[in-house]
Amino acid sequence: MKIMIASDIHGSEYYTEKLLKAYRASGAEKLVLLGDLLYHGPRNDLPHDYAPKKVIELLNGAADELLCVRGNCDTEVDQMVLSFPIMADYAVLYLDGRMFYLTHGHKYGFDNFPNIRRGDAIIQGHTHVPVLEERGGILCVNPGSVSIPKAGSAHQCLLYENGEFKEVVLG
């Protein structure tokens, strides 16, 4: 299965459009969103082209292709305007013989592993910094941020296929 993994859109219409264009061009079967979809939160500056209502429209147009978990900036009010589920704290996928624990990262993450085993993977967002490394036999993956990258990283997401992750820079 080919999936695209992205996090931390934070209401940017500009980068949501770039993400959806990259997703469609990739041929991926699902777009996994690791939370923080509509709002920027008090610690972040406004992202480029901040327009949460437009992001709602764009994401609702792709609702049947999305798998999403809740970020620390996502609320029940957001769920009322989105036509796909966003309130789960985590999701689990089994791909290529490995369990992938998908979460935003503000509760469980690289510094506070959930109940997973060696050989499993945890995929989180939250920090806005891309990561792809093993820690104690657990694969730790962070796609970075779609709209507000940190630590000098690019606006990006990840593409997963056949056991491999590939960075997709959104410009």
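Given the structure is predicted, the values throughout are model-derived calculations rather than measurements.

### Section: the packing of aromatic side chains
And then number 1: Summed over the entire model, instances satisfying the criterion amount to five aromatic pairs.
And then number 2: Centroid distance tyrosine 90 to tyrosine 101: 5.0 Å. Interplanar angle 10 degrees. Geometry classified as stacked. Within this pair, whereas tyrosine 90 is found in strand 4 (residues 90-95), its partner tyrosine 101 is found in strand 5 (residues 98-103), the two being separated by 11 residues in sequence.
And then number 3: Judged by relative accessible area, tyrosine 101 falls into the buried class, the value being 8%.
And then number 4: Taking the centre distance of 6.3 Å and the plane angle of 65 degrees together, the rings of phenylalanine 100 and phenylalanine 165 count as edge-to-face.

### Things to note about the environment of proline 85
And then number 1: Of note, proline 85 is situated in the loop between helix 3 (76-81) and strand 4.
And then number 2: Taking the C-alpha atoms as reference points, proline 85 and leucine 66, separated by 19 residues in sequence, lie 8.8 Å from one another.
And then number 3: Leave out the neighbours within four places in its chain, and proline 85 touches Cys68 and Gln79.

### Let's talk about the side chain of aspartate 36
And then number 1: Here aspartate 36 is to be found in the loop between strand 2 (30-33) and helix 2 (52-60).
And then number 2: Notably, aspartate 36 is buried but unbridged: the nearest opposite-charge side chain belongs to arginine 43, and the N-O separation is 6.4 Å.
And then number 3: Side-chain polar atoms of aspartate 36 contact the side chain of histidine 104, separated by 3.1 Å.

### Overview of the environment of leucine 37
And then number 1: Following the sequence through the fold, leucine 37 ends up in the loop between strand 2 and helix 2.
And then number 2: For leucine 37, a relative accessible area of 1% puts it in the buried group.
And then number 3: Residues leucine 37 and methionine 80, spaced 43 residues apart in sequence, show a C-alpha to C-alpha distance of 13 Å.
And then number 4: Non-local contacts of leucine 37, meaning those with residues more than four positions away in its chain, are made with Ile9, His10, Gly11, Val55, Leu59, Cys68, Asp74, Leu82, Phe84 and Ile86.

### Here we look at the sheet that holds strand 8 (residues 138-142)
And then number 1: An order of 4-5-6-8-7 is seen for the five strands of this open sheet, with the pairing classed as mixed. Looking along the sheet, the strands with just one partner apiece sit at the ends: strand 4 and strand 7 (131-135). Direction aside, neighbouring strands of the sheet carry axes that sit 20 degrees apart on average.
And then number 2: In the sheet, strand 7 pairs with strand 8 via five bridges, with the strands oriented antiparallel. Bridge pairing links glutamate 133 to cysteine 140 in strand 8.

### Section: unusual backbone geometry
And then number 1: Even without being a glycine, aspartate 36 presents a positive backbone phi close to 55 degrees.
And then number 2: Look at aspartate 36 and you get buried, because its relative accessible area is 2%.
And then number 3: Positioned with a positive phi, alanine 151 is a non-glycine residue whose angle comes to about 60 degrees.
And then number 4: Along the chain, alanine 151 turns up in the loop between strand 8 and strand 9 (156-161).

Calculation rules
- Residues numbered from 1 in each chain as written.
- Predicted model: local features only at pLDDT ≥ 70, side-chain atom pairs only at ≥ 80, totals over all residues.
- Heavy atoms only, no water.
- Phe/Tyr/Trp six-rings, centres within 6.5 Å; stacked < 30°, edge-to-face > 60°.
- Helix = DSSP H or I, 4+ residues; strand = E, 2+ residues; numbered from the N terminus.
- Buried < 20%, exposed > 50% of the residue type's maximum accessible area, 1.4 Å probe, protein only.
- Contact = heavy atoms within 4.5 Å.
- Lys, Arg positive; Asp, Glu negative; His and termini not counted.
- Salt bridge = Lys/Arg side-chain N within 4 Å of Asp/Glu carboxyl O.
- Polar contact = N/O pair within 3.5 Å; in protein donor to acceptor, adjacent residues only side chain to side chain.
- Pairing = 2+ DSSP bridges.
- Axes fitted to C-alpha atoms, helices over the stretch in contact; angles between N-to-C directions.

Functional significance is not addressed by these values, which are geometric in nature.
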